[in-house]
Amino acid sequence: LGAAFGAAGGGAARTIDWSPQGDEVLVGLDPGGLLALPLEPGGAARVVAAVDGVGSAEWSPTGMSVAFAAGRIGDGYRELAIVPATPSRGAAEYS
């Protein structure tokens with residue numbers, strides 16, 4: 001998973017959420033980034049958001065967007081971010 005972000009040594013899953021349609025899993029990585037992993041064999045993972053310090057992440061009820069806590073400060077997070085989750089919009093850059 002970490003290779004999708006160009007991270008040396010990979011990343012650990014910090015948060016996981018099933019899509020409302022049940023066809024993808026949203027994975028928040030530590031030290032950062034959100035991936036959508038298709039459950040269909042042969043499907044490619046896609047970057048939903050390239051961001052450091054991802055906390056809890058969840059799909060919207062329609063699956064068209066993702067909300068997540070961002071910007072790790074100590075043991076907490078500084079803000080809530082909402083980004084499109086659709087592949088046609090590409091990865092959201094959030095800082």
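To be clear, the structure that these remarks concern was listed above.
Residues numbered from 1 in each chain as written. Predicted model: local features only at pLDDT ≥ 70, side-chain atom pairs only at ≥ 80, totals over all residues. Heavy atoms only, no water.

### Let's talk about the overall build of the protein
For the protein, the count of helices and strands is zero helices and eight strands. Each helix and strand of the protein, ordered N terminal to C terminal, gives the series β-β-β-β-β-β-β-β. Approximately 5,300 Å² of the protein is accessible, and the part contributed by carbon and sulfur atoms is 54%. (Helix = DSSP H or I, 4+ residues; strand = E, 2+ residues; numbered from the N terminus. Areas by Shrake-Rupley, 256 points an atom, 1.4 Å probe, with all protein chains shown as cover.)

### Describing the side chain of Arg-46
Here Arg-46 lies in strand β4 (residues 46-52). Given the relative accessible area of 18%, Arg-46 is considered buried. A polar contact is formed between the side chain of Arg-46 and the side chain of Glu-24, at a distance of 3.0 Å. (Buried < 20%, exposed > 50% of the residue type's maximum accessible area, 1.4 Å probe, protein only. Polar contact = N/O pair within 3.5 Å; in protein donor to acceptor, adjacent residues only side chain to side chain.)

### Some thoughts on the pairing of strand β2 (residues 24-30)
Moving residue by residue along a regular strand, the side chains alternate between the two faces of the sheet. Extensive coverage of β2 is indicated by the burial of six of its seven residues. Here strand β1 (residues 12-18) pairs with β2 via six bridges, running antiparallel. Pairing of Ala-12 across the sheet is with Asp-30, part of β2. Between β1 and β2, which pair antiparallel one after the other, the connecting turn spans five residues, and Gly-22 there sits at a positive phi close to 80°. The antiparallel hairpin formed by β2 and strand β3 (residues 32-38) contains one residue in its connecting segment. (Pairing = 2+ DSSP bridges.)

### As for the environment of Gln-21
One can find Gln-21 in the loop between β1 and β2. Along the sequence, Gln-21 and Pro-61 sit 40 residues apart, while their C-alpha atoms lie 9.2 Å from each other. If near-sequence neighbours (up to four positions away) are discounted, Gln-21 is found in contact with Thr-62 and Gly-63. (Contact = heavy atoms within 4.5 Å.)

### Some points on the pairing of β3
Extensive coverage of β3 is indicated by the burial of five of its seven residues. Of the strand pairs in this sheet, β2 and β3 are connected by five bridges, and their pairing is antiparallel. When the bridges of β3 are listed, Gly-28 appears paired with Leu-34. Pairing of β3 with β4 involves four bridges; the strand directions are antiparallel.

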